[in-house]
Amino acid sequence: MYWTEFLTVALIHLLAVASPGPDFAVVVRESVTHGRRAGTWTALGVGSAIFLHVGYSLLGIGLIVSQSIVLFNALKWAAAAYLLYIGYKALRAQPAPSAADDLHQEAGERTARGAFTSGFVTNGLNPKATLFFLSLFTVVINPHTPLAVQAGYGIYLAAATAVWFCLVAMLFSQQRVRAGFARMGHWFDRTMGAVLIAIGVKLAFTEMH
């Protein structure tokens, strides 16, 4: 009965998650710099944050945030500040004597908790994700759809997001790919830092429609 609605939700989510954004940039950076384990935990953090968005969407809190300029701006600036912070740290990357050795060393330094938190915070504080899930649960999904079915959609969205970014982590953490990035050494970190800062600045100037 709800298959058509589910397929619509799945298609919209696929288009949204496949477009490069802060989640993609963070997962790629963690995967290349710290390895597959860190990249996977970051992907799981991004996927887990979906439950946060789904939760407040079902509770109607997202509607309140979308109608309050103060709350929206608070969320927007928090997300922008976080992206600017990790982008600034990446920009300060220094050249290492051996890029390959540096990659192995950093891979051991990154904790699962730190990687997971990085992914969770990046997605959880993204106001664009807030507006996306708000529109999804108010426009695409029929308000009369049973709450249990809507919750099922939410579980799918979280799982699909996690799987997608785990695949991204798997791709960018391959030894050959990492070795290629390692040749660029600190320039890769600086490039990713610039990308994160650009996304953060763009996010800071996001207007609520």
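Just so it is clear, the model here is predicted, and its values are computed rather than measured.

Cut-offs and rules
- Residues numbered from 1 in each chain as written.
- Predicted model: local features only at pLDDT ≥ 70, side-chain atom pairs only at ≥ 80, totals over all residues.
- Heavy atoms only, no water.
- Helix = DSSP H or I, 4+ residues; strand = E, 2+ residues; numbered from the N terminus.
- Buried < 20%, exposed > 50% of the residue type's maximum accessible area, 1.4 Å probe, protein only.
- Contact = heavy atoms within 4.5 Å.
- Areas by Shrake-Rupley, 256 points an atom, 1.4 Å probe, with all protein chains shown as cover.
- UniProt positions renumbered as here; feature names shortened; annotations may be inferred.
- Patch = residues over 30% accessible without salt bridge, like charges linked within 9 Å, V, L, I, M, F, W, Y side chains within 5 Å.
- Salt bridge = Lys/Arg side-chain N within 4 Å of Asp/Glu carboxyl O.
- Axes fitted to C-alpha atoms, helices over the stretch in contact; angles between N-to-C directions.
- Left-handed = near helix turned anticlockwise from the far one by under 90°.
- Nonpolar A, V, L, I, M, F, W, Y, C, P; charged D, E, K, R; others polar.
- Expected span 1.5 Å × (residues − 1).
- Parallel < 35°, antiparallel > 145°, perpendicular 65-115°, else oblique.

Draft legend 1. Structural view of the overall build of the chain. Each helix and strand in the chain was counted, giving 11 helices and 0 strands. Counted from the first residue to the last, the chain has its helices and strands arranged as α-α-α-α-α-α-α-α-α-α-α. Burial statistics for the chain: of 209 residues in total, 45% are counted as buried. Across the chain, contacts joining residues at least 24 apart in sequence account for 89% of those joining residues at least 6 apart. Carbon and sulfur atoms provide 69% of the accessible area of the chain, an area that totals close to 11,000 Å².

Draft legend 2. Seen up close, the UniProt feature "transmembrane region" (unreviewed entry) in the chain. The feature "transmembrane region" (unreviewed entry), as given by UniProt, occupies residues 41–63, 70–88 and 153–172 in the numbering adopted here. Taken as a whole, residues 153–172 contains 100% helix and 0% strand, while its terminal C-alpha atoms sit 29 Å from one another.

Draft legend 3. Highlighting the environment of glycine 55. Mapped onto the fold, glycine 55 is located in helix α3 (residues 36–59). With a relative accessible area of 25%, glycine 55 lands in the partly exposed category. Residues glycine 55 and phenylalanine 133, spaced 78 residues apart in sequence, show a C-alpha to C-alpha distance of 9.9 Å.

Draft legend 4. Quick look at a nonpolar patch on the surface. A surface patch of nonpolar side chains, about 310 Å² in accessible area, is lined by Leu11, Leu14 and Leu15. Along the polypeptide, leucine 11 turns up in helix α1 (residues 3–18).

Draft legend 5. Molecular detail of the packing of α1 against helix α9 (residues 147–172). Two elements in contact, α1 and α9, have axes whose closest approach is 11 Å; the angle formed by their N-to-C orientations is 35°. Considering the relative orientation of α1 and α9, their crossing is right-handed. Here Glu5, Phe6, Val9, Ala10, His13, Val17 and Ala18 of α1 lie close against α9, whose contacting residues are Tyr153, Tyr156, Leu157, Ala160, Thr161, Trp164 and Phe165. The class makeup of the residues in the contact of α1 with α9 is 11 nonpolar, 2 polar and 1 charged.

Draft legend 6. Spotlight on helix α7 (residues 112–124). Here α7 is 13 residues long and its end C-alpha atoms lie 18 Å apart, about the 18 Å a rise of 1.5 Å per residue gives. Residues Ala112, Ala115, Ser118, Gly119, Thr122, Asn123 and Gly124 constitute the buried set of α7.

Draft legend 7. Spatial organisation of the packing of α3 against α7. Their axes nearest at 7 Å, the elements α3 and α7 cross at an angle of 40°. In terms of orientation, α3 lies oblique with respect to α7. As α3 packs across α7, the resulting crossing turns out to be right-handed. Within the contact between the two elements, α3 uses Arg37, Ala38, Trp41, Thr42, Leu44, Gly45, Val46, Ser48, Ala49, Ile50, Leu52 and His53 and α7 uses Ala112, Ala115, Phe116, Gly119, Phe120, Asn123 and Gly124. Classifying every residue of the contact of α3 with α7 by side-chain character gives 11 nonpolar, 7 polar and 1 charged.

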